[in-house]
Amino acid sequence: MKISYNRRLDAVATHANIAGVNTPNLTEIEAAIVRAVRDRLTHLPQNKRSGARVTYLSAGADAMAYRFPVNGIKVVAMLTTKGIRIDQITREKRYPKTPQRVHVELTEAQRDTIAKNAVSYALSAA
C-alpha cells in the first residue's frame, strides 16, 4: 500500500521533535499500520476500504525502572482509495510496560458491508 502524508504535516520534523529513547522510527510505524490494515480488513472489499481511520500508539518503556510516563507517539491515518494518508503525528504519554496499539475504526457503511458479508457467508455454509 502506498503511504502518503498530509500536505500540512512535516513528518520528519514532527517526529524529530517528539523522538526519544522509546519512540520507533517512521518506517516501523508505517509498517505497523500497513500490517494492521492487511490483517484486520481482510473481510472488507478493497474498493470499500476508504474512509477507515487507523490510530497507532507506540509502546511504553520496557523496564519498570521508569516511574513516570515517557514520550510516545500517536499517529492518526486515514485510508483513501489510493493508499494510506497520515494526517497527524503527536506526542502521547506512554507508561512503562504498556503495549503498542493499532486501532482501526470503520465507518457505518463499512460495518454494514461486513455484516452483510457475514450473513451471506453463513447462509452459503448452511
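Quick caveat, the model's predicted, so the values are computed rather than measured.

1. A short note on the nonpolar core
For step 1, the next point in the chain: In terms of nonpolar packing, the biggest core is built from 25 residues, with I33, V54, V75 and I89 touching the most fellow members.
For step 2, the next point in the chain: At the level of secondary structure, the elements contributing two or more residues to this core comprise α1 (11-18), α2 (26-40), β2 (53-57), β3 (70-79), β4 (83-94) and β5 (101-105).
For step 3, the next point in the chain: The dominant element in this core, judged by the number of residues it contributes, is α2, at seven residues.

2. Some remarks on the sheet that holds β4
For step 1, the next point in the chain: Read across the sheet, five strands follow the order β1-β4-β3-β2-β5 without closing on themselves; strand pairing throughout is mixed. Of all the strands in the sheet, just β1 (2-5) and β5 have a single pairing partner and so form its edges. With strand direction ignored, the average angle separating the axes of adjacent strands in the sheet is 30 degrees.
For step 2, the next point in the chain: In this structure, β3 lies alongside β4, joined through ten bridges in antiparallel fashion. Each bridged residue has a counterpart across the sheet, and for M78 the counterpart in β4 is R85.
For step 3, the next point in the chain: The sheet strands contacting α1 are β1, β3 and β4, and the helix crosses β4 at an angle near 15 degrees.

3. Here we look at the confidence of the model for the chain
For step 1, the next point in the chain: Here the chain shows a mean pLDDT of 86. Residues at 70 or above account for 94%.
For step 2, the next point in the chain: Looking over the chain, one finds the lowest element-wise mean pLDDT in helix α3 (residues 108-125), namely 81, and the highest in β2, namely 95.

4. Here's the deal with the pattern of salt bridges
For step 1, the next point in the chain: Within the structure shown, the criterion is met by two salt bridges.
For step 2, the next point in the chain: One salt bridge connects D87 with R85, and the closest N-O pair in it is separated by 2.7 Å.
For step 3, the next point in the chain: Take D87: its relative accessible area is 24%, and that puts it in the partly exposed class.
For step 4, the next point in the chain: The partly exposed category is assigned to R85, whose relative accessible area is 30%.
For step 5, the next point in the chain: The salt bridge involving R111 is made with E108; its shortest N-O contact spans 2.8 Å.

5. What to know about the side chain of N6
For step 1, the next point in the chain: Structurally, the position occupied by N6 is in the loop between β1 and α1.
For step 2, the next point in the chain: Overall, N6 belongs to the buried group, its relative accessible area being 17%.
For step 3, the next point in the chain: Excluding residues that lie within four positions of it along the chain, N6 makes contacts with R85, I86 and D87.

6. Some remarks on the environment of V102
For step 1, the next point in the chain: On the secondary structure map, V102 appears in strand β5.
For step 2, the next point in the chain: C-alpha of V102 to C-alpha of I84: the two residues are 18 residues apart in sequence and 14 Å apart in space.
For step 3, the next point in the chain: In this structure, V102 is in contact with A32, A36, R40, V54, T55 and Y56, ignoring residues within four places of it in sequence.

7. A word on the pairing of β5
For step 1, the next point in the chain: Burial along β5 is one-sided: the residues V102 and V104 are buried and none of R101, H103 and E105 is.
For step 2, the next point in the chain: Of the pairings in the sheet, the one linking β2 to β5 comprises five bridges and is antiparallel in character. In the strand pairing of β5, R53 is matched with E105.

So, how was this worked out
Residues numbered from 1 in each chain as written. Predicted model: local features only at pLDDT ≥ 70, side-chain atom pairs only at ≥ 80, totals over all residues. Heavy atoms only, no water. Core = buried A, V, L, I, M, F, W, Y, C linked by side-chain atoms within 4.5 Å. Buried < 20%, exposed > 50% of the residue type's maximum accessible area, 1.4 Å probe, protein only. Helix = DSSP H or I, 4+ residues; strand = E, 2+ residues; numbered from the N terminus. Pairing = 2+ DSSP bridges. Axes fitted to C-alpha atoms, helices over the stretch in contact; angles between N-to-C directions. Contact = heavy atoms within 4.5 Å. pLDDT = per-residue confidence, 0-100. Salt bridge = Lys/Arg side-chain N within 4 Å of Asp/Glu carboxyl O.

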